[in-house]
Amino acid sequence: MNNLLRRKVVLMPGDGIGGAVLKETVKVLRAVKFECDYIHADIGWEFWRTEGNPLPDRTLDTLRENKLSLFGAITSKPKWEAAEELVPRLKNKGLVYYSPIVGARQSLQLSECIRPCLSFEGNPLNFVRQKSGGGFEEPPINTVIFRQNTEGLYAGVEWTNPPRNVRQAFESHPKFGIFKDVKGEELAISTRIFTQERCNSICRAAFEYAKKHGYKRVTIAEKPNVIRETSGMLEKTAYRIGKEYPDIWVDSNNIDAICMWLTKNPESYGVIIAGNMFGDIISDAFAGLVGGLGFACSANIGSEVAIFEPTHGSAPKYASYKTSIVNPIACILSGAMMLDHVGETHKADLIRKGIAKVIKEGKYRTYDLLKVKGQQNVIYNGAVSTEDMGSAIVEAIGDVEGSSKYY
């Protein structure tokens, strides 16, 4: 590929284990011969501590210029803890910590978040249920959550001790009457804001994805019987757009009901549409059925920029280990999603086949795949390192190239 035309991918390791899982992702991308130049960008806790901004403007500029990014992990803490960790010269300057990945989603208008939850055969952490006639079974799960990524409760429009004009606006609503005597300093307000434009775009993206990939069901996961205005807007939009896709069944389940049903028949769900917070919750719930956050990949898609990331946190207690032991598969799967996004679907499928082979054979397992239920802090001897797991996937890719046996 001509160097002038080579893609550039911005690498943002972030905090904790982010660098370790990102390193293995790049190794796997090179194994499938994805051609690009990698550019480092700063993000995370150290830049909050030393600069007062965990998402420096220079990083946003780099993302806007280069369009594609792989992100590792981030540490987020409550604002009062964050303020305490600032270097002395930045303390008492009125700086307020805000999650840099949430900030990136909003600054770059990455309004669509896609979170696939796919079970791999042989994963010891897969969901298992008891059959009615006795015995157990592992239903195959292949659900994709479409989460509106820039609005809702995560938009950050909130106050503690709201200004008088804000309070007056809320007092104009009859339901606010039960709060009228609450002192300002004892009152916190977080708003849930939806717009028709973003409801349209997330629903359209979900239905197009379902059509392209052969899903027969799209489900709205909201709470319109209680949160009538915002959940109601998203539900109405999904039903309206769904009429253009006659081969897809559209239904709406309350978010709490879905959380119950996914422990019974999770394989019945195909594509799910949800607002920001409910999408965050339900995608983590589904991830727990397919191996946990070590398998939870995601894409943040905007009209110009796309960031791909595992949904797990920075796991600082494991980042301090001399040899990294965390599971890099979620980040590697996020890399495969990036390949899908740029049209390199064959290479993306090779990565997923390689992962499927490693999981099915069971010779290489990171510590999370060796845990016993009820003993979540136990790490067994015999668990492979992050690097070993990445190398096993690279080797498996070579074995399965051109084969559809494992996926």
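Reference entry: report on the structure contained in this document. Predicted model only: the values in this text are computed from it and were never measured. (Residues numbered from 1 in each chain as written. Predicted model: local features only at pLDDT ≥ 70, side-chain atom pairs only at ≥ 80, totals over all residues. Heavy atoms only, no water.)

1. Topic: the overall build of the protein chain
Check the secondary structure of the protein chain and you find 14 helices and 14 strands. Taking 407 residues into account, the globule formula puts the C-alpha radius of gyration at 22 Å, and the protein chain, at 22 Å, falls close to it. Seen through its principal axes, the protein chain has C-alpha atoms that stretch 65 × 60 × 50 Å. Taking all contacts inside the protein chain whose residues are at least 6 apart in sequence as the whole, residues at least 24 apart take part in 79%. Carbon and sulfur atoms form 51% of the exposed surface of the protein chain, whose accessible area is close to 19,600 Å². Side-chain charges in the protein chain split into 51 positive and 47 negative, and the spacing between the mean points of these groups amounts to 2 Å. (Helix = DSSP H or I, 4+ residues; strand = E, 2+ residues; numbered from the N terminus. Rg over C-alpha atoms; globule rule 2.2 N^0.38 Å. Contact = heavy atoms within 4.5 Å. Areas by Shrake-Rupley, 256 points an atom, 1.4 Å probe, with all protein chains shown as cover. Lys, Arg positive; Asp, Glu negative; His and termini not counted. Charge placed at Lys NZ, Arg CZ, Asp CG, Glu CD.)

2. Quick look at the pairing of strand S2 (residues 36-40)
In this sheet, S2 lies alongside strand S1 (residues 7-14) in parallel orientation, the contact comprising 5 bridges. Across the sheet, the residue bridging to Val 9 is Tyr 38, located in S2. (Pairing = 2+ DSSP bridges.)

3. Focus on helix H8 (residues 230-242)
Its 13 residues place the ends of H8 18 Å apart at the C-alpha level, agreeing with the 18 Å of an ideal helix rising 1.5 Å per residue. Elements in contact with the buried residues of H8: helix H7 (196-213), strand S10 (217-222), strand S11 (249-254), strand S12 (271-274) and helix H10 (276-287). (Expected span 1.5 Å × (residues − 1).)

4. A word on the packing of helix H1 (residues 18-31) against helix H12 (residues 329-341)
Closest axis-to-axis distance for the H1/H12 pair is 8 Å, and the angle between their directions is 45 degrees. Classed by the angle they form, the pair H1 and H12 counts as oblique. Between H1 and H12 lies a crossing of right-handed hand. Contacts from Val 21, Leu 22, Glu 24, Thr 25, Val 28 and Leu 29 in H1 reach Cys 331, Ile 332, Gly 335, Met 338 and Leu 339 in H12. (Axes fitted to C-alpha atoms, helices over the stretch in contact; angles between N-to-C directions. Parallel < 35°, antiparallel > 145°, perpendicular 65-115°, else oblique. Left-handed = near helix turned anticlockwise from the far one by under 90°.)

5. Focus: the nonpolar core
Of all hydrophobic cores here, the largest spans 69 residues; its most connected members are Phe 34, Ile 273, Phe 308, Ile 351, Ile 355 and Ile 393. Take this core: its biggest share by element is 8 residues, from H12. Among all residues touching Ile 273, those that are not within four sequence positions of it are Phe 146, Ile 202, Cys 203, Ala 206, Phe 207, Val 218, Thr 219, Ile 220, Ala 221, Leu 234 and Ala 238. (Core = buried A, V, L, I, M, F, W, Y, C linked by side-chain atoms within 4.5 Å. Buried < 20%, exposed > 50% of the residue type's maximum accessible area, 1.4 Å probe, protein only.)

6. Some details on the environment of Ser 69
Note that Ser 69 resides in strand S3 (residues 68-73). Taking the C-alpha atoms as reference, Ser 69 lies 8.4 Å from Met 338; in sequence the two are 269 residues apart. Apart from residues lying up to four places away in sequence, Ser 69 is in contact with Val 9, Val 10, Met 12, Leu 63, Ala 306, Ile 307 and Phe 308.

7. Some remarks on the environment of Phe 207
Checked against the element boundaries, Phe 207 lands in helix H7. Residue Phe 207 is classed as buried on the basis of its relative accessible area, which comes to 0%. Separated by 66 residues in the primary sequence, Phe 207 and Ile 273 place their C-alpha atoms 9.4 Å from one another. Those residues in contact with Phe 207, other than ones at most four positions away along the chain, are Val 218, Ala 238, Ile 241, Gly 242, Tyr 245, Ile 248, Val 250 and Ile 273.

8. Looking at the packing of aromatic side chains
According to the stated counting rule, one finds 10 aromatic pairs in the structure shown. Between Trp 45 and Tyr 97, the ring centres sit 5.0 Å apart and the planes meet at 55 degrees, which makes this aromatic pair tilted. Here the residue Trp 45 occupies a position in helix H2 (residues 45-51), and Tyr 97 occupies one in the loop between helix H4 (79-84) and helix H5 (100-107), the gap between them amounting to 52 residues. Tyr 97 matches Trp 45 in its accessibility class, with the two residues each being buried. Here Trp 48 and Tyr 97 contribute two aromatic rings whose centre-to-centre distance is 5.4 Å and whose plane-to-plane angle is 80 degrees, an arrangement assigned as edge-to-face. Separated by 49 residues along the polypeptide, Trp 48 in helix H2 and Tyr 97 in the loop between H4 and H5 bring together distant segments of the chain. For Tyr 97, a relative accessible area of 8% puts it in the buried group. Taken together, the aromatic side chains of Trp 159, Phe 170, Phe 176 and Phe 179 make up a single cluster linked through ring pairs. (Phe/Tyr/Trp six-rings, centres within 6.5 Å; stacked < 30°, edge-to-face > 60°.)

9. Points about the environment of Ile 273
Within the secondary structure, Ile 273 is located in strand S12. Placed 72 residues apart in sequence, Ile 273 and Ser 201 show a C-alpha to C-alpha distance of 11 Å.

10. Quick word on the side chain of Asp 42
For Asp 42, the position within the fold is in the loop between S2 and H2. You can call Asp 42 buried: its relative accessible area is 19%. Polar contacts involving the side chain of Asp 42 include one to the side chain of Arg 58, which spans 3.0 Å. Ignoring anything within four residues of it in the chain, the contact list for Asp 42 reads Phe 47, Pro 56, Arg 58 and Thr 59. (Polar contact = N/O pair within 3.5 Å; in protein donor to acceptor, adjacent residues only side chain to side chain.)

11. Focus: the side chain of Arg 167
One can find Arg 167 in helix H6 (residues 164-171). Exposure remark for Arg 167: the relative accessible area of 8% places this residue in the buried category. Residues in contact with Arg 167, not counting those within four places in the same chain, are Phe 176, Phe 179, Lys 180, Asp 181, Val 182, Lys 183, Gly 184 and Leu 187.

12. Comments concerning the sheet that holds S1
Spatially, S2-S1-S3-S14-S13-S4-S7-S12-S10-S11 is the arrangement adopted by the 10 strands of the open sheet, whose pairing is mixed. Each edge of the sheet is formed by a strand with only one pairing partner; in this case those strands are S2 and S11. Averaged over neighbouring strand pairs, the angle between their axes works out to 20 degrees when direction is ignored. Judged from the 3 bridges that link them, strand S4 (residues 112-118) and strand S13 (residues 297-301) form a sheet pairing that is antiparallel. Bridge assignment links Ile 114 to a residue of S13, and that residue is Ala 299. Each of S1, S2 and S3 touches H1; the most contacted strand, S3, lies at about 140 degrees to it. Taken strand by strand, H7 contacts S4, strand S7 (142-148), S10, S11 and S12, and its axis lies near 160 degrees from that of S7.

None of the figures reported here should be taken as evidence of function without further support.
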